[in-house]
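Coordinate inspection notes
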Amino acid sequence: MPRPTAAQLAYGSATVFFSTLAMLLLSQTETGIGVAVIALAGLGLGLLVAMTVPMPGVTRVVRRHVVRPKSPAAPAPLRAVPAPSGEARVGEHSR
């Protein structure tokens, strides 16, 4: 298992502190068991946040599907091209 980076430690610690403080203030618990449960919940949240912060050097490849027009099932039929009327032209390179 790779060692956590400084960013992971900072995000995890901040999450533990602020989430525990918020839960204690919102619940207004005064018992030791309530404080212990909230502290464990804060630690769990901090661990979750620290492990989900992207690791440096790990790239995520985003593949995009290119939508291409579908090719026709059968090729178009060949048609004869009429010859030009009048004299046949002779190009200057054909001499």
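As the structure is a prediction and not an experimental result, all values here were calculated from the model.

What follows concerns the overall build of the protein chain. For the protein chain, the count of helices and strands is two helices and zero strands. Burial analysis of the protein chain (95 residues in total) assigns 12% to the buried set. Counting contacts in the protein chain only where the partners sit at least 6 residues apart, residues at least 24 apart contribute 60% of the total. Only carbon and sulfur atoms are counted for the fraction: they give 65% of the accessible area of the protein chain, which is about 9,200 Å².

This structure, assessed with the given rule, holds one aromatic pair. An angle of 75 degrees between the planes, with centres 5.1 Å apart, marks the rings of Phe17 and Phe18 as edge-to-face. Take Phe18: its relative accessible area is 53%, and that puts it in the exposed class.

Residue position: Leu24 is located in helix H1 (residues 6-27). When the C-alpha atoms of Leu24 and Ile38 are compared, they prove to be 6.9 Å apart, with 14 residues separating the residues in sequence. Those residues within four positions of Leu24 in sequence are excluded, and the remaining contacts are Thr29, Val35 and Ile38.

Here we take up the side chain of Thr15. Structurally, Thr15 can be placed in helix H1. A distance of 2.7 Å separates a polar side-chain atom of Thr15 from the backbone oxygen of Tyr11. Among residues more than four places away in sequence, those in contact with Thr15 are Thr20, Leu45, Gly46 and Val49.

How two helices sit against one another is set out by the angle between their axes and by the gap between those axes. Where H1 meets helix H2 (residues 32-52), the closest approach of the two axes is 8 Å, and the angle between their N-to-C directions is 150 degrees. Overall, the two elements H1 and H2 adopt an arrangement that is roughly antiparallel. Read as a crossing pair, H1 and H2 show a hand that is right-handed. Contacts from Gln8, Tyr11, Gly12, Thr15, Val16, Ser19, Thr20, Met23, Leu24 and Ser27 in H1 reach Val35, Ile38, Ala39, Ala41, Gly42, Leu43, Leu45, Gly46, Val49 and Ala50 in H2. The residue inventory of the contact of H1 with H2, partitioned by class, reads twelve nonpolar, eight polar and no charged.

Rules of the game
- Residues numbered from 1 in each chain as written.
- Predicted model: local features only at pLDDT ≥ 70, side-chain atom pairs only at ≥ 80, totals over all residues.
- Heavy atoms only, no water.
- Helix = DSSP H or I, 4+ residues; strand = E, 2+ residues; numbered from the N terminus.
- Buried < 20%, exposed > 50% of the residue type's maximum accessible area, 1.4 Å probe, protein only.
- Contact = heavy atoms within 4.5 Å.
- Areas by Shrake-Rupley, 256 points an atom, 1.4 Å probe, with all protein chains shown as cover.
- Phe/Tyr/Trp six-rings, centres within 6.5 Å; stacked < 30°, edge-to-face > 60°.
- Polar contact = N/O pair within 3.5 Å; in protein donor to acceptor, adjacent residues only side chain to side chain.
- Axes fitted to C-alpha atoms, helices over the stretch in contact; angles between N-to-C directions.
- Parallel < 35°, antiparallel > 145°, perpendicular 65-115°, else oblique.
- Left-handed = near helix turned anticlockwise from the far one by under 90°.
- Nonpolar A, V, L, I, M, F, W, Y, C, P; charged D, E, K, R; others polar.

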